[in-house]
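One-letter residues, chain by chain:
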Amino acid sequence: MCPHVSQLDQEQLIEKLGIFKIHGRDKHGRKVLRIIGKFFPARLLSVDVLKSYLEEKIYPRLGKKPFSVLYVHTGVQRSENFPGISALRSVYDAIPINVKDNIQAVYFLHPGLQARLFLATFGRLLFSGGLYGKLRYINRIDYLWDHMRRNEVEIPEFVHDHDEDLEYRPMMDYGLESDHPRVYGAGAPTMDSPVCMYSMRCIS
């Protein structure tokens, strides 16, 4: 984590990037917690700040009813967006038991081969209490609408762009074709974005 980023700045960064949002409903009428993996600035956030943010801003808004999680894995790079196994376990262990029990399904959009292998190896170790069994891989956005209400869940444009690439290059799903670096239009950080602002602060 960048030592120059204060707790307040980290919390504001989470808000500005829109990593966690509760909006829309699934086909069963349950709330959806959407998580955009690409927006997660793993190098800039401490685990303690993340846990505090979730406890104060997210869990209370989920209420005491069942809900679904939509994790968008599109564009995630291990060196940039992955917080590490110990951090993931720490965050998961800190989730209140009533919140864990209310998770009905975790929809994992655009998993890719590496993510599948990682979860096959570590999933049951990381996610106790049956959460691993609630994981559902979603290869394409169109398949997501079998589970979510189409007009209620916002999907960033760069995710649609990647989905279109997969339609024309299906071997990317299985790691048989490289997902070459590309700029995802409006979804990519700009020099004015919080990601660049905080990254430059760390460099200086």
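Residues numbered from 1 in each chain as written. Predicted model: local features only at pLDDT ≥ 70, side-chain atom pairs only at ≥ 80, totals over all residues. Heavy atoms only, no water.

S.K.: Report on the overall build of the chain, specifying residues and quantitative values.
M.R.: When helices and strands are tallied, the chain shows nine helices and five strands. The linear arrangement of helices and strands in the chain, starting from the amino end, is α-β-β-α-β-α-α-α-β-α-β-α-α-α. For the chain, with 204 residues in total, the buried portion stands at 45%. A separation of at least 24 residues holds for 75% of the contacts in the chain among residues at least 6 apart in sequence. Within the structure as shown, the chain displays about 11,300 Å² of accessible surface, and the carbon and sulfur contribution to it stands at 53%. (Helix = DSSP H or I, 4+ residues; strand = E, 2+ residues; numbered from the N terminus. Buried < 20%, exposed > 50% of the residue type's maximum accessible area, 1.4 Å probe, protein only. Contact = heavy atoms within 4.5 Å. Areas by Shrake-Rupley, 256 points an atom, 1.4 Å probe, with all protein chains shown as cover.)

S.K.: Lay out the nonpolar core with the relevant residues and their values.
M.R.: One broad rule of soluble globular proteins: the nonpolar side chains tend to lie buried together. By size, the foremost hydrophobic cluster in this structure holds 50 residues, and its most contacted members are Phe 20, Leu 33, Ile 58 and Leu 70. Apart from residues lying up to four places away in sequence, Ile 58 is in contact with Phe 20, Ile 22, Leu 33 and Tyr 53. (Core = buried A, V, L, I, M, F, W, Y, C linked by side-chain atoms within 4.5 Å.)

S.K.: Quick rundown of the environment of His 73? Include the residues and the values.
M.R.: Secondary-structure assignment places His 73 in the loop between strand S3 (67-72) and helix H3 (78-81). Distance in space between the C-alpha atoms of His 73 and Gly 37 is 5.2 Å, their sequence separation being 36 residues. Apart from residues lying up to four places away in sequence, His 73 is in contact with Phe 108, Leu 109, His 110, Pro 111 and Ala 115.

S.K.: Give a description of the pairing of strand S2 (residues 31-36) that names residues and reports values.
M.R.: Within S2, five of the six residues are buried, which leaves it mostly tucked inside the rest of the structure. Two strands pair when backbone bridges link them, and strand S1 (residues 20-25) and S2 are joined in this way by four bridges, in the antiparallel orientation. The residue bridging Lys 21 from the neighbouring strand is Arg 34, located in S2. Here S1 folds back onto S2, and the loop between the two strands holds five residues, one of which, Gly 29, carries a positive phi near 80°. (Pairing = 2+ DSSP bridges.)

S.K.: If you had to explain helix H6 (residues 112-126) to someone new, which residues and values would you point to?
M.R.: Residue Ala 120 marks the point of greatest curvature in H6, where the axis turns by about 45°. Buried within H6 we find Ala 115, Leu 119, Gly 123 and Leu 126. Elements in contact with the buried residues of H6: helix H4 (85-93), strand S4 (103-109) and strand S5 (135-138). (Bend = angle between axes of the 7 residues up to and from the residue.)

S.K.: Let's hear about the sheet that holds S2: which residues, and what values?
M.R.: The strand order S1-S2-S3-S4-S5 describes an open sheet built from five strands, whose pairing is mixed. The strands lining the two open edges of the sheet, one partner per strand, are S1 and S5. The mean angle between the axes of side-by-side strands here comes to 25°, regardless of whether they run parallel or antiparallel. Here six bridges tie S3 to S4, and the two strands are oriented parallel to one another. Its bridge partner being in S4, Phe 67 is matched across the sheet by Ile 103. Lying on the sheet, helix H2 (residues 47-62) is in contact with S1, S2 and S3; it crosses S1 at an angle near 20°. (Axes fitted to C-alpha atoms, helices over the stretch in contact; angles between N-to-C directions.)

S.K.: Explain the packing of aromatic side chains residue by residue, including any values.
M.R.: Under the definition given, this model contains six aromatic pairs. Aromatic pair Phe 82 and Phe 118: ring centres 5.5 Å apart, planes at 80°, arrangement edge-to-face. Note that Phe 82 is positioned in the loop between H3 and H4 and Phe 118 in helix H6, a separation of 36 residues in sequence. Judged by relative accessible area, which is 25%, Phe 82 ranks as partly exposed. Among the aromatic residues, those joined into a ring-pair cluster are Tyr 71, Phe 108 and Tyr 137. Across the ring face of Phe 158, the terminal group of Lys 38 is positioned such that the distance to the ring centre comes to 4.3 Å. Above the face of the Tyr 92 ring, Lys 100 is positioned so that its terminal group lies 4.3 Å from the ring centre. (Phe/Tyr/Trp six-rings, centres within 6.5 Å; stacked < 30°, edge-to-face > 60°. Lys NZ or Arg CZ within 6 Å of the ring centre and 35° of its normal.)

It is worth stressing that arrangement in space is one thing and function is another; only the former is reported here.
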